[in-house]
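Below, each chain spelled out in residue letters.
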Amino acid sequence: MSSQTRLALWDYIVRRLQLPAQLKLILLVIANYIEANGAQSRVTLGLLSRDTSLEPEALRSLLLSLEARDLVSKVLVYPEGRGSIIPLYSLSPSLLRAIQSPKGE
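All of the points below concern the structure found in this document. (Residues numbered from 1 in each chain as written. Predicted model: local features only at pLDDT ≥ 70, side-chain atom pairs only at ≥ 80, totals over all residues. Heavy atoms only, no water.)

### Some details on the overall build of the protein chain
And step 1. When helices and strands are tallied, the protein chain shows five helices and three strands.
And step 2. Taking 2.2 N^0.38 as the reference for a compact globule, 105 residues should give roughly 13 Å; the C-alpha atoms of the protein chain span a radius of gyration of 14 Å, in line with that estimate.
And step 3. Structurally, the protein chain occupies a C-alpha span of about 45 × 30 × 20 Å along its principal axes.
And step 4. Burial analysis of the protein chain (105 residues in total) assigns 36% to the buried set.
And step 5. When contacts within the protein chain are restricted to residue pairs at least 6 apart in sequence, those whose partners lie at least 24 apart make up 52%.
And step 6. Accessible surface, the protein chain: about 6,400 Å² in total, of which carbon and sulfur atoms supply 53%.
And step 7. Charged side chains in the protein chain number 12 positive and 9 negative. The centres of these two groups are separated by 4 Å. (Helix = DSSP H or I, 4+ residues; strand = E, 2+ residues; numbered from the N terminus. Rg over C-alpha atoms; globule rule 2.2 N^0.38 Å. Buried < 20%, exposed > 50% of the residue type's maximum accessible area, 1.4 Å probe, protein only. Contact = heavy atoms within 4.5 Å. Areas by Shrake-Rupley, 256 points an atom, 1.4 Å probe, with all protein chains shown as cover. Lys, Arg positive; Asp, Glu negative; His and termini not counted. Charge placed at Lys NZ, Arg CZ, Asp CG, Glu CD.)

### Some words on the environment of isoleucine 99
And step 1. With respect to the helices and strands, the residue isoleucine 99 is situated in the segment after α5 (93-98).
And step 2. Residue classification places isoleucine 99 among the buried residues on the basis of a relative accessible area of 13%.
And step 3. Distance in space between the C-alpha atoms of isoleucine 99 and alanine 68 is 19 Å, their sequence separation being 31 residues.

### Some details on the environment of leucine 62
And step 1. The topology assignment puts leucine 62 in helix α4 (residues 56-68).
And step 2. With 39 residues separating them in the primary sequence, leucine 62 and leucine 23 have C-alpha atoms 6.6 Å apart.
And step 3. Not counting chain neighbours up to four residues away, the residues in contact with leucine 62 comprise Gln22, Leu23, Ile26 and Leu54.

### Considering unusual backbone geometry
Trans peptide bonds make up the majority, and among non-glycine residues the majority have a negative phi.
And step 1. For serine 53, which is not glycine, the phi torsion reads 65° and is therefore positive.
And step 2. The topology assignment puts serine 53 in the loop between α3 (45-52) and α4.
And step 3. A relative accessible area of 65% places serine 53 in the exposed class.
And step 4. Its identity as a non-glycine residue notwithstanding, aspartate 70 has a phi of 60°, on the positive side.
And step 5. Mapped onto the fold, aspartate 70 is located in the loop between α4 and β2 (72-77).

### What to know about the nonpolar core
When a protein is soluble and globular, its nonpolar side chains tend to lie buried together.
And step 1. Judged by nonpolar contacts, the single largest core of 29 residues is most densely connected at Leu9, Ile26, Leu27, Leu48, Leu63, Leu66 and Leu91.
And step 2. If you list the elements that add at least two residues to this core, you get α1 (3-16), α2 (21-32), α3, α4, β3 (86-91) and α5.
And step 3. For this core, the element with the highest residue contribution is α2, accounting for six residues.
And step 4. Excluding its chain neighbours within four sequence positions, the residues that come into contact with leucine 9 are Met1, Ala31, Ile34, Leu91, Leu95, Leu96 and Ile99. (Core = buried A, V, L, I, M, F, W, Y, C linked by side-chain atoms within 4.5 Å.)

### Side note on α2
And step 1. Helix length check: α2, at twelve residues, gives a terminal C-alpha distance of 16 Å against a target of 16 Å (1.5 Å per residue), a fit within 8%.
And step 2. For α2, the complete set of buried residues consists of Leu23, Lys24, Ile26, Leu27, Val29, Ile30 and Ala31. (Expected span 1.5 Å × (residues − 1).)

### Topic: a nonpolar patch on the surface
And step 1. A cluster of nonpolar side chains, contributed by Val75, Val77 and Ile86, occupies part of the molecular surface with about 180 Å² of accessible area.
And step 2. Mapped onto the elements, valine 77 comes out in strand β2. (Patch = residues over 30% accessible without salt bridge, like charges linked within 9 Å, V, L, I, M, F, W, Y side chains within 5 Å. Salt bridge = Lys/Arg side-chain N within 4 Å of Asp/Glu carboxyl O.)

Coordinates in, geometry out; function isn't part of it.
Written out as structure tokens, the structure reads:
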């Protein structure tokens, strides 16, 4: 992702999305993990908790709200053998498309 595109994404999240500050913070953290080549980020709940200073339980409900608004996508990873299912979060394709439209809408 080019630095210009990344700035457009941050600007869109901060200025255009009418969301509470905690939801914007989560989106900005996920946006920070998008690969330089534009590959989608996959961020764990633990990483989000560390970078936002929010407890995992609080994050779960906030992430559900972002999923319902189609701003975040979740992928479940099933580890080989035994272990807990790991949810990975990324910005939704519709959010990424929104910044590529002429007016960002």
